[in-house]
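# Observations on chain architecture
Each chain, letter by letter, is given below.
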2 protein chains.
Amino acid sequence: MLPRGRPRALGAAALLLLLLLLIGFFLLGGDPECERLEPDGRAGDLGCPRCPLTPRVPSDGRLRGASALHGDPLAGHWDHNRSACDPWPQLPPKCELLHVAIVCAGHNSSREVITLVKSLLFYRKNPLHLHLVTDAVARNILETLFRTWMVPALGVSFYHADQLQPQISWIPNKHYSGLYGLMKLVLPGILPPGLARVIVLDTDVTFASDIAELWALFAHFSDKQVIGLVENQSDWYLGNLWKNHRPWPALGRGFNTGVILLWLDRLRQVGWEQMWKLTAQRELLTLAATSLADQDIFNAVIKEHPELVQPLPCVWNVQLSDHTRAEHCYSEAADLKVIHWNSPKKVRVKNKHAGFFRNFYLTFLGYDGNLLRRELFGCPSQTLPEAEQLQRALAQLDEEDACFEFRQQQLTVHRVHITFLPHKPPPPRPHDITLVAQLSMDRLQMLEALCRHWPGPMSLALYLTDAEAQQFLHFVEASPVLSARQDVAYHVVYREGPLYPVNQLRNVALAQALTPYVFLSDIDFLPAYSLYDYLRASIEQLELGSRRKAALVVPAFETLRYRFTFPSSKAELLALLDSGSLYTFRYHEWPQGHAPTDYARWREAQAPYRVQWAADYEPYVVVPRDCPRYDPRFVGFGWNKVAHIVELDAQEFELLVLPEAFTIHLPHAPSLDISRFRSSSTYRDCLQALKEEFHQDLSRRYGAAALKYLTALQQPRSPA
Amino acid sequence: MLPRGRPRALGAAALLLLLLLLIGFFLLGGDPECERLEPDGRAGDLGCPRCPLTPRVPSDGRLRGASALHGDPLAGHWDHNRSACDPWPQLPPKCELLHVAIVCAGHNSSREVITLVKSLLFYRKNPLHLHLVTDAVARNILETLFRTWMVPALGVSFYHADQLQPQISWIPNKHYSGLYGLMKLVLPGILPPGLARVIVLDTDVTFASDIAELWALFAHFSDKQVIGLVENQSDWYLGNLWKNHRPWPALGRGFNTGVILLWLDRLRQVGWEQMWKLTAQRELLTLAATSLADQDIFNAVIKEHPELVQPLPCVWNVQLSDHTRAEHCYSEAADLKVIHWNSPKKVRVKNKHAGFFRNFYLTFLGYDGNLLRRELFGCPSQTLPEAEQLQRALAQLDEEDACFEFRQQQLTVHRVHITFLPHKPPPPRPHDITLVAQLSMDRLQMLEALCRHWPGPMSLALYLTDAEAQQFLHFVEASPVLSARQDVAYHVVYREGPLYPVNQLRNVALAQALTPYVFLSDIDFLPAYSLYDYLRASIEQLELGSRRKAALVVPAFETLRYRFTFPSSKAELLALLDSGSLYTFRYHEWPQGHAPTDYARWREAQAPYRVQWAADYEPYVVVPRDCPRYDPRFVGFGWNKVAHIVELDAQEFELLVLPEAFTIHLPHAPSLDISRFRSSSTYRDCLQALKEEFHQDLSRRYGAAALKYLTALQQPRSPA
C-alpha cells in the first residue's frame, strides 16, 4: 500500500517523461490527440479544451484531479480520458494582482458577497482587486464594510449598476436575479480599459481553494478563446425537462455563468458588445424572454461562436441546483474548488450531500472576518493609509500602562455592516424621530417589546461576532413582530477587544438615523406607548427646527420586577411610583444621574420646562440628527452618556423636560463590564483618567466656558 | 504584468523540459549536482536532501515554494539555489490512510490537541488515524471527545503514557514538557509493528495546509533515511546564546522535533532504541540533563548518524519561539504549511508577526468542530457504526412532522469536552456531594456567586459554541474566585440544533460527578451558605447509604429583585418571606411544581419529613450519584425535571424534606425557549406529545405501578 523507495522513484520519473512529451505535444502542436479523442466530431467546433490545470498528482501516477474532471460524464463533449493532457501547474507570480468582478444589489446579496469574499480571502495568497457593480443599497453597505474592514492587499472599486440598466433593460428576463443578472454581459465595456482579464463571480458561490489556481487557467486559453466557463451541471439546456420546455440554444448541456474567466481585452477586440446584442435580439424574435438571465445569452453566443470558449474543470463551479448532476463531478474529484448555490433555495437546497457543502458555506458565514486582516508576507506593502496610521497609533501605546486595554479599545476600528437586514428608509417627514440604541446578544429579547412600544423608525447598533450575527438573523426571521418591521435598521459592529465600545456603537447607530430628529435611548428601556406620537407633536409645537436649539428630556423610571404591567398613562405611572412598584431611574445608586430632571416638578407639570445642567446628569434626550457625536474614548462601563450631555450643554442646547414623556428601565442581570468596574480598582482609575482627559479636551475646545464642568468634576463624588 | 497567451505557453513548455531533465538526473543519478553545491563538504555527511516537494510552481517559472525553502539562509547546510531540484508533486493516493502520532497529557494539552486536530481535519482530504499517547486525564477527555465528535474517516488509538515512563524516566530533563516530551523517542517501539510510517506532531502546532503534502515527503527519503525534520529556527544549538551556554551536540543549527516524519520499520531495522539510548547515556556523562527533551537526543543521534535524517522544507515547521529566525523562512515562502508555537508563551509569544500567525490559530480555536463531521467523497465509507445508526434514525424522521425539530434535537449527539479546564477530583469521602447543573453563556455571571455559596465539588455542563468556549476560558482566567477553584469541573457540550438539550446537559454533568451523592440544582439558584455542610451531615445522620433509598428535598424560594441580601439562616429567610421580599418558588405561575414540599410544614419542621409524589412535582433533590438519568427526550422548555422526579418515585425513592435546607432562585430575563413555549402552540403540542410518549414508556417499564402517573397526566392542568 505504501510506496517503497527507489523503484517507485524510477516509475515516477518514467511517467513524468511520458507526460512531458505529451504536454509539449499539446502545447506546441495542433492538438491532434485531442481531435482524435472526439468521435462525435464536435471537438473542432468547440475548440478542443487546452489541458485545464490540476495541481495535485498522486504518487501512484494516477492523475487524481484530472481523471475526476475529464473522465467525468458531465464533461459531455470531452468525456474521454484526457488526463495525460495535464501540464505542470502554473500559478501566477507571488505578488501578482488578481481581479474579480461581482454584481451585487440589495441587502441580502450584500450579505452573500461578504461570505464569498471571506472564503476568497481565507485561501488567497495574492493581492486582490474587487470590481463591484452595485445598486445604491449594496454600495452603501459594502463601502462602509470594506473601509472599516481594512484588509491588506485588497482593493475595491465600485461601479453604478443604475447607469448600466439602459444597456440591458430591453431584455425581458424571467430569472430571479432580475436585471442585475444580465449585467455580467456588459462588464467588458465598463471595467477599466487597461484591465485585461477578470474572474467574474455570482454572489452565491463559495471558494474552497486559492483563487490563484483559477486565475492560472487563463494561461490555457488559445489565442481565440476569450471566455472560460464550466459546463452546466443540469439538463436544462438539453430541453427535455418537461413538455414544450424550450430553452435558449446552447452547446450540449451548455455552460454555467456563476464562475467566468473573462479575457477582457480580447473580448473588446472581437466586438463582444455587438456580438451578444445581435444574438440576443435574434433569439428574442422567437423566445419571449431569458429564463436564466445572462447565462442564456452567453450560451447562445457560444453556440454560434464555439471557438470563444475555454471549458474549465467542473470542480471550479460545483452547481448545487435542485436537479444537479454535480455528484458526477465531486464524487471523483479529490479537491472541490468552488461551490455554487445556484438554486433559488440557496443553502437550503435539497440534495443528499448538501450538508457536506453547507459546512464550507457555514465555515465562512460564521468566520471571524477580523482574522482576515492579515498581510501577505513578501509582497510590497498594500496597507491602506488609514490602516497604517492606526498601526502607528497602536504601536505607540505603552503595554505596561495600566489603562492599555482602554486605549487599545478606543483606537480599535470595528468592522461595520450597516443595514444588515432589509430596511426601508422612512419617508421624509419634517418632525420624524428615529430611536437610537445599541445592544449585544444578551439583549435580543428586548427587541420585540421595543417594537411594540415604539412604532417609528429605529436605528440599532448590534455588537456581535460573525457567528452571532447569523444567530441574530435567525432570531429576526423567527419573530413575526420583528420581521414585519422594515423601518428598523440593524447595524452590525463586529466584536473586537475586551471592552464594550458603547459610544462607538451609539455613533454608528446615530450616523445611520435618517429622520431629522433622534431619540437617544438605551436598549433596556421601554418608552411609553404614546411617546413616538407625543414627541413628534412636541417638536412641532415647540418649533424646534427653526426657533430653538434644544434637547427634549424624556424622564426615566425603573422597575425592579420582571413581571410588570406597563403604565398606559402618566397617571398610571404616578400611581405605580406611589405604590413603590416603580422608582425614578437609579434613585438608590446614582441619583445625580437624573436628579436635574426634577421629578417633583414633572409630577405636576403641564408644559415643557427648562432645567439646568448639573454634574453627572445623563438624561435620555431627543435631539436633531446632526447633534454632537458621543466621545468614543469612553469604552466599557461608565460616564459614556454623561460626557455627551456635557457636550450638548457646552454647545448651548436648552434642556427641556416634556411633561407627558416617560421611559421605563427593565431589570436585567448586571453586564460583565459593570461587574468589572465594581471589582477592579484599575478599571475605576482608568475611567477617572479618561474623564480628566475628556475635560482637558473640553477646555481646549470651549475655553473658559468649560470651566464649570471641570469644577464639577473636582468635587468628590461616587463614580459612575 | 499579466502573462500573454502562446509565447508564455512556449516558455512554460521549455522550462518544463529543462526541469524534467534535471529531475530525471536527480532521481536516477547520484546527485552530483547536490554534492557540487555543498562547498563545506558536509553534504555527504548529511545525506544530500532529496528534492523536497513543492506543489506550487508559478507561471513565471520561478519556483516559489522551493526558492523560499532552499534559498533560505536558515537552511544552513544546503543554502544554495536548489530550486531546480523540485520534482513533480506526488501526493498520496486519494483514499490512502495517513497516520499521525501525538503525545498529550493533562487538561491544557488536551485543549491544544483538539485545536491541532481541527486544523488537520479542515485541510485533510485523506482518511487519518491518530495514535495518541496520553495520561489518564487526556485519555478520559479525548476518548469522550472523539466518541461524540464522530468524524468520518478518522480513527483514533490510545496508548498509555504511564506504561512508557520506565523507558525514559531515567533521563534528567529540564524542559517544560517534562517526561512527556521524551516519549516521542519510544514511538517506534510502541506503535503497531505493521505501521511503517507516521507523522509525529507536538500539541502546539497548527496546520495551514493538507497533511497529505507533508506525507508525500516520505517519497523523497533515500533508502537510508529514517527521520524527516525541519532545521531548528533559533541559534540554540550553535551554543553562543550566552556565556557557558552548552547545548547538546547537533549538526549546525540542529533540527526541531515539533514535526517529525518517522519511517518506523526502518527505524526498527537500524536498532533505533539501542542507538538513542547509547547516545543519551554517553552525552549524559558530561551534560546534566536534556534542556529541550527529546529534541536534544534526536539531535545528538543525528550528529552521530547524519545519514538518518531527511531535512524538510522550513515551511513545515515555522517556529515562533522568542528568538526565532523563522522570518527568513516565511517572508520568502508563498505558503506556510505548519505553524509551531514552540515558545512556553505559546500564542502570546512576542514576535512582530505573531498577530499574523495567531489568526491561523484563532481560526481553528473558534472553528465549529461540528462542521468537520464531513465525509470524504469517493473513499470507501469509514463511518462508525454509531454514526451510521444515528444517520439511519435521523433519516427515518418525517420532516413534515410538526415536532420534527424536537425529534431531531433528541437524536443529536453533541460533541462533549469533559473537564475543559484543569480539575482536581475531590478526595474520596463517604458523604460528599457534588452540585450538578447546566448553563449557557448568558448565565456565566452566576458562577462566582455560586462558588461563594457552594464550597464543595461541582460538575457543570456548559452548552457553548467553540468560540464561546474560548470566551468562557477567558472569563474563568480573569476571575480570581473561579480560577482559585480546582474542584469545579466544567464540561463543554457543543451547541447544535435549535432547542436547548437541557436533560442531555444534566446527564453529562451527572455522569462526571465523582462523589457518592449529587445535588441536582439549576444554575439560577443560590444555595444557603451552609447547605453543603448541612447536606453532608444529614446524609450521615439519616444513614442514607445503607438504610434507605431516598431523595433529600431542598425547598426552593425565589426573589424577584436584583438587589437582594441573601438570608444567612432559616429565620432570616422566613422573615423575608413574611415581608414579601421572597416567595416560594413559582408560587404565582406554577404552584404544583413545589406544592408537595409543603412549605407550611417546613416553616415549623425540626426534623426531616417524608412527602408524597404528586403530579408535576419538581423539587431540587440530593440523591446518590447512580440515580436514574434524566430523560433526554425533553429538550427546550418544559417537564424536564418533572419526568426525572416521576422516575425517582417509580423507583421508590423516598422524598425527604430537610428542615434547614433552602435554595433561592435569582431573577433573570426569560430564556428564548420559554418565550417560544409561550408564543407557539406547536411547541406546546409537541411537549404534550413528548409527555404522552414518556408515560407510554413508563407503563412499559413499571406496568401497573405507573398507572398513577398516567392518571395524573390526564387531569387537565396548565402546562409546564
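Predicted model, so just to flag it, every value in this text is computed and none were measured.

This paragraph deals with the overall build of chain A. Looking only at helices and strands, chain A features 28 helices and 23 strands. Put simply, chain A has 720 residues, and 62% of those count as buried. Of all intrachain contacts in chain A linking residues separated by at least 6 positions in sequence, the fraction that spans at least 24 positions is 80%. Summed over all atoms, the accessible surface of chain A reaches about 27,000 Å², with 53% contributed by carbon and sulfur.

Here we take up the side chain of B:Asp294. Residues and elements named next belong to chain B. With respect to the helices and strands, the residue Asp294 is situated in helix α13 (residues 294-304). Polar side-chain contacts of Asp294 include one of 2.8 Å to the side chain of Thr257. Residues contacting Asp294, with those up to four places away along its chain left out, are Gly181, Leu182, Lys184, Leu185 and Thr257.

We now examine helix α6 (residues 136-149) of chain B. Residue and element names in this part refer to chain B. Relative to the 20 Å expected for 14 residues at 1.5 Å per residue, α6 spans 20 Å between its end C-alpha atoms, a close match to the ideal helical length. For α6, the complete set of buried residues consists of Ala138, Ile141, Leu142, Thr144, Leu145, Phe146, Thr148 and Trp149. For α6, the secondary structure elements touched by its buried residues are β1 (98-104), α5 (106-123), β2 (128-134), β3 (154-160) and β11 (416-417). A positive phi of about 50 degrees marks Met150, the residue just after α6.

What follows covers the state of the cysteines. Residue and element names in this part refer to chain B. As enumerated under the stated definition, the model contains six disulfides over all chains in all. Cys95 shares a disulfide with Cys379; S-S distance 2.1 Å. Note on the Cys95 and Cys379 pair: the S-S dihedral is about -95 degrees, so by sign convention the disulfide is left-handed. In this pair, Cys95 sits in the loop between α4 (64-70) and β1 while Cys379 sits in the loop between α15 (354-365) and α16 (385-396), placing the two residues 284 residues apart along the sequence. For Cys379, a relative accessible area of 13% puts it in the buried group. Disulfide partner of Cys403: Cys686, at an S-S distance of 2.2 Å. One disulfide, between Cys403 and Cys686, carries an S-S torsion of -100 degrees and so falls in the left-handed class. Taken as a pair, Cys403 in the loop between α16 and α17 (404-411) and Cys686 in helix α28 (residues 681-702) lie far apart in primary sequence, 283 residues in all.

Next up on the list: unusual backbone geometry. Glycine aside, residues mostly have negative phi, and peptide bonds are mostly found in the trans state. All names here are of chain A. We note that Ala293 has phi near 55 degrees; this positive angle belongs to a residue other than glycine. Following the sequence through the fold, Ala293 ends up in the loop between α12 (272-283) and α13 (294-304). Judged by relative accessible area, which is 1%, Ala293 ranks as buried. Although it is not a glycine, Glu652 adopts a positive phi angle of roughly 65 degrees. Considering the arrangement of structural elements, one finds Glu652 in the loop between α25 (640-650) and β22 (654-657). Residue classification places Glu652 among the exposed positions, given a relative accessible area of 65%.

Residue and element names in this part refer to chain A. Interaxial distance between helix α27 (residues 681-702) and helix α28 (residues 707-714) falls to 9 Å at its minimum, and their mutual angle equals 160 degrees. Here α27 is positioned roughly antiparallel relative to α28, judged by the angle of their axes. Handedness of the α27/α28 crossing: left-handed. Together, Lys691, Glu692, His695 and Leu698 of α27 and Tyr709, Leu710 and Leu713 of α28 make up the contact between the two elements. Classifying every residue of the contact of α27 with α28 gives four nonpolar, one polar and two charged.

Turning next to the sheet that holds strand β18 (residues 556-558) of chain A. Residue and element names in this part refer to chain A. Across the sheet, which stays open at both edges, the four strands sit in the order β16-β23-β18-β19 with mixed pairing between neighbours. Looking at which strands have only one partner, the edges of the open sheet turn out to be β16 (525-527) and β19 (583-584). Here β18 pairs with strand β23 (residues 663-665) via three bridges, running parallel. Pairing of Phe557 across the sheet is with Ile664, part of β23.

This model, assessed by the stated rule, comprises 66 salt bridges over all chains. In this structure, B:Asp697 engages B:Arg633 in a salt bridge whose closest nitrogen and oxygen atoms are separated by 2.5 Å. Placement of B:Asp697 in helix α28 and of B:Arg633 in the loop between β21 (620-624) and α26 (640-650) is noted, with a sequence separation of 64 residues between them. A single network of salt bridges, built from pairs that share partners, joins A:Lys118, A:Asp368, A:Arg415 and A:Asp466.

Residues and elements named next belong to chain A. What the nine strands build is an open sheet, ordered β11-β14-β13-β12-β15-β21-β17-β22-β20; its pairing is mixed. Strands with a single pairing partner mark the edges of an open sheet, and in this sheet they are β11 (416-417) and β20 (609-611). Across four bridges, strand β12 (residues 433-440) lies against strand β15 (residues 517-520) in parallel orientation. Residue pairing in the sheet places Thr434 in a bridge with Val518 of β15.

We now examine the confidence of the model for chain A. All names here are of chain A. In this model, chain A carries a mean pLDDT of 85, and residues with pLDDT of at least 70 account for 85%. With pLDDT under 50 throughout, residues 1-6 is counted as low confidence; its partners more than four residues away or in other chains account for 15 contacts. This model gives residues 20-88 a pLDDT under 50, and the stretch forms 176 contacts once residues within four places in sequence are excluded. We note a pTM of 0.83 for the whole complex and an ipTM of 0.79 for its interfaces.

Here we come to the pairing of strand β22 (residues 654-657) of chain B. All names here are of chain B. Here β22 shows two buried faces, one formed by Glu654 and Leu656 and the other by Leu655 and Val657. Note: strand β17 (residues 550-554) against β22, four bridges, orientation parallel. Note that in β22 the partner of Val553 across the bridge is Val657.

Take the environment of A:Leu698 next. Residue and element names in this part refer to chain A. Summarising the element assignment, Leu698 is placed in helix α27. Once the C-alpha coordinates of Leu698 and Ala643 are considered, the two residues, 55 residues apart in sequence, prove to be 10.0 Å apart. Setting aside chain neighbours within four positions, we find Leu698 in contact with Val646, Glu647, Gly703, Ala706 and Tyr709.

This part is about the packing of aromatic side chains. Inspection of every chain in the model, using the stated rule, returns 67 aromatic pairs over all chains. One aromatic cluster in this structure is built from A:Phe122, A:Tyr123, A:Phe364, A:Tyr367, B:Phe122, B:Tyr123, B:Phe364 and B:Tyr367. Across the ring face of B:Phe360, the terminal group of A:Arg374 is positioned such that the distance to the ring centre comes to 4.5 Å. The positively charged end of A:Lys570 is found above the aromatic ring belonging to A:Trp602, 4.2 Å away from the centroid.

Here we come to the environment of B:Lys549. Residue and element names in this part refer to chain B. Relative to the helices and strands, Lys549 is located in the loop between α23 (544-547) and β17. In this structure the C-alpha to C-alpha distance between Lys549 and Phe653, which are 104 residues apart in sequence, comes to 5.2 Å. Lys549 has contacts with Gln651, Glu652, Phe653 and Glu654, leaving out every residue within four places of it along the chain.

Attention now moves to the pairing of strand β4 (residues 197-201) of chain A. Residue and element names in this part refer to chain A. Counting buried residues along β4, five of its five residues qualify, which places the element largely inside the surrounding structure. Alternating positions in β4 separate into two faces, Arg197, Ile199 and Leu201 on one and Val198 and Val200 on the other, with burial throughout. Two elements, strand β1 (residues 98-104) and β4, share three bridges in a ladder whose sense is parallel. Bridging from a neighbouring strand, Ile102 pairs with Leu201 of β4.

With that settled, consider α28(A). Residue and element names in this part refer to chain A. Among the residues of α28, Tyr709, Ala712 and Leu713 are the ones counted as buried. The arc enclosing the buried residues of α28, seen along the axis, measures out at 100 degrees, which places them on a common side. Turned more than 90 degrees from where α28 packs its buried face, Leu707 and Gln714 sit exposed. Where the residues of α28 are buried, they touch α25 and α27.

Turning next to the packing of α17(B) against α28(B). Residue and element names in this part refer to chain B. Close contact between α17 and α28 brings their axes to 9 Å; oriented N to C, the two are set at 50 degrees. With respect to α28, the axis of α17 lies oblique. When α17 is examined against α28, the residues Phe406, Arg407 and Gln410 are found in contact with a partner set consisting of Tyr683, Cys686, Ala689, Leu690 and Glu693. Split into classes, the residues belonging to the contact of α17 with α28 amount to five nonpolar, one polar and two charged.

The rules behind each value
Residues numbered from 1 in each chain as written. Chains lettered and ligands numbered in written order. Predicted model: local features only at pLDDT ≥ 70, side-chain atom pairs only at ≥ 80, totals over all residues. Heavy atoms only, no water. Helix = DSSP H or I, 4+ residues; strand = E, 2+ residues; numbered from the N terminus. Buried < 20%, exposed > 50% of the residue type's maximum accessible area, 1.4 Å probe, protein only. Contact = heavy atoms within 4.5 Å. Areas by Shrake-Rupley, 256 points an atom, 1.4 Å probe, with all protein chains shown as cover. Polar contact = N/O pair within 3.5 Å; in protein donor to acceptor, adjacent residues only side chain to side chain. Expected span 1.5 Å × (residues − 1). Disulfide = S-S within 2.5 Å. Axes fitted to C-alpha atoms, helices over the stretch in contact; angles between N-to-C directions. Parallel < 35°, antiparallel > 145°, perpendicular 65-115°, else oblique. Left-handed = near helix turned anticlockwise from the far one by under 90°. Nonpolar A, V, L, I, M, F, W, Y, C, P; charged D, E, K, R; others polar. Pairing = 2+ DSSP bridges. Salt bridge = Lys/Arg side-chain N within 4 Å of Asp/Glu carboxyl O. pLDDT = per-residue confidence, 0-100. Phe/Tyr/Trp six-rings, centres within 6.5 Å; stacked < 30°, edge-to-face > 60°. Lys NZ or Arg CZ within 6 Å of the ring centre and 35° of its normal. Arc of directions from axis to C-beta.

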